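Listed below, chain by chain, are the residues.
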Amino acid sequence: MNTLQAFLIAVIEGLTEYLPVSSTAHMVFLSSYFGIQEDDFVKLFQVSIQFGAILAVVALYWKKFFDFSSKSVAINFYIKLICAVIPALVLGKLFDDKIEAVLGDPIPIAIVLILGGVILLFIDSRFQSPTVLKEEDITIKKAVTIGFWQCLAMMPGTSRSAASIIGGMQQGLTRHAAAEFSFFLAVPTMMAVTCYSVFLKTYESSQMKGYELILKSNENIQLFLIGNVVAFIVAIIAIKFFIEIIKKYGFKPWGWYRIIVGIFLLIYFSYFK
């Protein structure tokens, strides 16, 4: 993987991680089109640059994460995130690899992308009477339920953001509140995945830990740093853009986008690859 490829992967990560469009689907196409070989470091790179995207949420909502003027409010916020992330940690550990082995090919990913797009076309009309206007009004029970919805993202092509936003709206959140809670929930979820990949997981062919792969060469270190910085900057822009779009137009634009991209991927991987 060269610097240009690392830059492009980081841009895709920053753009798609918080949008309901499936970062996996975009990564699959990018890797195929540019001939990026998925060796151990590339696989690690695609996960580890989530750290930059995580920092983007923390930077944009730093008052939410670090405002301890009211300890009870702060503690309640973190309790909700901890409870909400547990389903993903447990079910992800049990089933993630098995699901990816069955549905991780491009064609199933494209189909899931299209089906998710169809759902987004109707989500605004389906949930028209929200009762939860802000994060403080989300109960622990609702947070856990949204956490289970997030687990649908174990199916490649679903989008973690889309799953948790739909779950939030099903629990009575406004689309703005659902989107923001999706951002908040992404922090512990993605942090757990990133830390597991970097510090705990041993990669098969190299038999090295993730941090050993990163530190293996100056080139790997440089790519890792570039990727995280680019993902951080692009994610900040994407989050702000996403919030403005859903305020004005709801989720239909993202539904049509998923359908169009899904059809394109079906044609591309059926006839050109």
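Our subject is the structure listed above.
The sections below set out a description of the structure shown in this document. Just so it is clear, the model here is predicted, and its values are computed rather than measured.

What counts, and at which threshold
- Residues numbered from 1 in each chain as written.
- Predicted model: local features only at pLDDT ≥ 70, side-chain atom pairs only at ≥ 80, totals over all residues.
- Heavy atoms only, no water.
- Core = buried A, V, L, I, M, F, W, Y, C linked by side-chain atoms within 4.5 Å.
- Buried < 20%, exposed > 50% of the residue type's maximum accessible area, 1.4 Å probe, protein only.
- Helix = DSSP H or I, 4+ residues; strand = E, 2+ residues; numbered from the N terminus.
- Patch = residues over 30% accessible without salt bridge, like charges linked within 9 Å, V, L, I, M, F, W, Y side chains within 5 Å.
- Areas by Shrake-Rupley, 256 points an atom, 1.4 Å probe, with all protein chains shown as cover.
- Salt bridge = Lys/Arg side-chain N within 4 Å of Asp/Glu carboxyl O.
- Expected span 1.5 Å × (residues − 1).
- Phe/Tyr/Trp six-rings, centres within 6.5 Å; stacked < 30°, edge-to-face > 60°.
- Lys NZ or Arg CZ within 6 Å of the ring centre and 35° of its normal.

**Looking at the nonpolar core**
Here is step 1: The biggest cluster of nonpolar side chains holds 43 residues, and the ones touching the most others in it are Y18, V57, F181, F183, F242, F251 and W254.
Here is step 2: Going through the elements one at a time, α4 (50–60), α6 (71–103), α7 (106–126), α8 (140–150), α9 (160–170), α10 (175–200) and α12 (218–249) are the ones with two or more residues in this core.
Here is step 3: With 10 residues, the single largest contributor to this core is α10.
Here is step 4: Listed in part, the 22 residues of the second largest apolar core include A6, V42, L223 and V234.

**Some remarks on a nonpolar patch on the surface**
Here is step 1: A cluster of nonpolar side chains, namely I82, I86, L89, V90, L94 and F95, defines an oily patch on the protein surface of about 530 Å² accessible area.
Here is step 2: Relative to the assigned elements, I82 resides in helix α6.
Here is step 3: The class for I82 is exposed, based on a relative accessible area of 52%.

**Side note on α12**
Here is step 1: For α12, built from 32 residues, the straight-helix expectation of 46 Å at 1.5 Å per residue is met to within 8% by its first-to-last C-alpha distance of 45 Å.
Here is step 2: Note on α12: the residue one or two positions beyond its end, G250, has a positive phi of about 75°.

**Brief notes about the packing of aromatic side chains**
Here is step 1: Applying the stated criterion across every chain yields a total of 19 aromatic pairs.
Here is step 2: By the ring-pair criterion, three or more aromatic residues cluster together here, those being Y18, Y61, F65, F77, Y78, F183, F184, F241, F242, F251 and W254.
Here is step 3: It is K64 that lies over the ring of F77; its NZ or CZ is 5.7 Å from the centre.

Spatial relationships are all this shows, so hold off on functional conclusions.
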